[in-house]
Amino acid sequence: MATMAQTRDRPEIRFHDEISSEWERLHQSRTFKARTAAMFDLLGNADLNGQRWLDAGCGTGTLSRLLAARGCDVTGVDASSEMIAAARERPADRLTFRQIPTIANLPFADRSFDGVLCASVLEYVPDVAQCLAQIHRVLRPGGLLLVSIPNRGSLLRQGYKLAHVASSRVLARPLFRYLAFSRLDTTPAVMQGLLRQHGLTMLGVSFGGSPLPPALDRRPAVGTLINILARRHD
């Protein structure tokens, strides 16, 4: 199990510590609002009132607050101490924030949550399978997982990666700095198989995440993120 000291030594965590002061501003941008909308649209009008949700990799708590606004009790966890500190600066009912070393070892009892949100987190972790196993463990049977992960089929993401490799100037821009730490991109078919291996059934998929208008952004060849809604089936 990772300790807090080991967490501070991980470059992807230091990166998120460094950008914590920018995170809320980014989430207020048109691009981030559009990507959040594309993800949350998968929940539709589901009644979440009174449910208990985990935001695994909550950052400064922006998406935790959206869940709380739908009547959930939300626990947000993150490995970045600076992100958690920023999240706690905006206390609210139904919200609890906690720093943990890794979502690969969640400090919660089995079947603790009705839902888990994991937005743009799995690409940074060393062991995606272990994280999914933990998410399955803490979900109750029938509970929901709402997850986003980089889209291997996105021509735009492929272009970003090529530009990152070709030019250090691209890496220096805040919009692209994450590419130095983002380990993983995938496809819906691969994710469907991985989820199935961990007791989760894919219910829906969408695309988003690019700065382009929604009519383009939500196409599989454009959106830089795959959004998935899944359910624990046992």
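Please refer to the structure placed before this passage.
Criteria and thresholds
- Residues numbered from 1 in each chain as written.
- Predicted model: local features only at pLDDT ≥ 70, side-chain atom pairs only at ≥ 80, totals over all residues.
- Heavy atoms only, no water.
- Pairing = 2+ DSSP bridges.
- Helix = DSSP H or I, 4+ residues; strand = E, 2+ residues; numbered from the N terminus.
- Axes fitted to C-alpha atoms, helices over the stretch in contact; angles between N-to-C directions.
- Contact = heavy atoms within 4.5 Å.
- Parallel < 35°, antiparallel > 145°, perpendicular 65-115°, else oblique.
- Nonpolar A, V, L, I, M, F, W, Y, C, P; charged D, E, K, R; others polar.
- Buried < 20%, exposed > 50% of the residue type's maximum accessible area, 1.4 Å probe, protein only.
- Right-handed = clockwise from strand over helix to strand, strands pointing away.
- Salt bridge = Lys/Arg side-chain N within 4 Å of Asp/Glu carboxyl O.
- Lys, Arg positive; Asp, Glu negative; His and termini not counted.

Caption draft 1: Focus on the sheet that holds strand 2 (residues 73–78). Spatial strand order, 3-2-1-4-5-7-6: seven strands in an open sheet with mixed pairing. Lying at the two open borders of the sheet, with one neighbouring strand each, are strand 3 (95–99) and strand 6 (200–208). On average, each strand axis in the sheet is tilted by 15° relative to the strand beside it, whichever way the strands run. Pairing of strand 4 (residues 113–119) with strand 5 (residues 139–150), which is carried by six bridges, proceeds in the parallel orientation. The residue of strand 5 that forms the bridge with Cys 118 is Val 147. Against the sheet, helix 9 (residues 188–197) touches strand 5, strand 6 and strand 7 (225–232), its axis set at about 155° to strand 6.

Caption draft 2: Main features of the packing of helix 2 (residues 11–27) against helix 3 (residues 30–40). Contact geometry for helix 2 and helix 3: axes closest at 6 Å, N-to-C directions at 70°. Here helix 3 runs roughly perpendicular to helix 2, going by the angle between their axes. Counting all contacts with helix 2, which are made through Trp 23, Leu 26 and His 27, the residues of helix 3 involved are Phe 32, Lys 33 and Thr 36. Residue composition of the contact of helix 2 with helix 3, grouped by class: three nonpolar, two polar and one charged.

Caption draft 3: How the structure looks around the pairing of strand 1 (residues 52–56). Counting buried positions along strand 1 gives four out of five residues, so the element sits mostly inside the fold. Taken together, strand 1, helix 4 (residues 62–69) and strand 2 form a β-α-β motif whose crossover is right-handed.

Caption draft 4: Looking closely at unusual backbone geometry. Phi is positive for Arg 94, close to 75°, though the residue is something other than glycine. With respect to the helices and strands, Arg 94 occurs in the loop between helix 5 (81–88) and strand 3.

Caption draft 5: Highlighting the pattern of salt bridges. On inspection of all chains with the given rule, the structure shows seven salt bridges. As a salt-bridge pair, Arg 137 and Asp 110 come within 2.8 Å of each other at their nearest N and O atoms. Remark: Asp 110 occurs in the loop between strand 3 and strand 4 and Arg 137 occurs in helix 6 (residues 128–138); sequence separation between them is 27 residues. A salt bridge links Arg 157 to Asp 185; the shortest N-O distance between them is 3.3 Å. Taken as a pair, Arg 157 in helix 7 (residues 155–166) and Asp 185 in the loop between helix 8 (168–172) and helix 9 lie far apart in primary sequence, 28 residues in all. Because the salt bridges share partners, they merge into one network encompassing Arg 152, Arg 157 and Asp 185.

Caption draft 6: The arrangement of the side chain of Arg 35 in detail. Its location among the elements puts Arg 35 in helix 3. Despite its burial, Arg 35 pairs with no opposite charge, the nearest such side chain being Glu 123 at 6.2 Å. Among residues more than four places away in sequence, those in contact with Arg 35 are Ser 120, Gly 209 and Leu 225.

Caption draft 7: Representation of the pairing of strand 3 within the structure. Two elements, strand 2 and strand 3, share five bridges in a ladder whose sense is parallel. Considered in strand 3, the bridge of Gly 76 is made with Phe 97. Each parallel crossover has a hand, and the one from strand 2 via helix 5 to strand 3 is right-handed.

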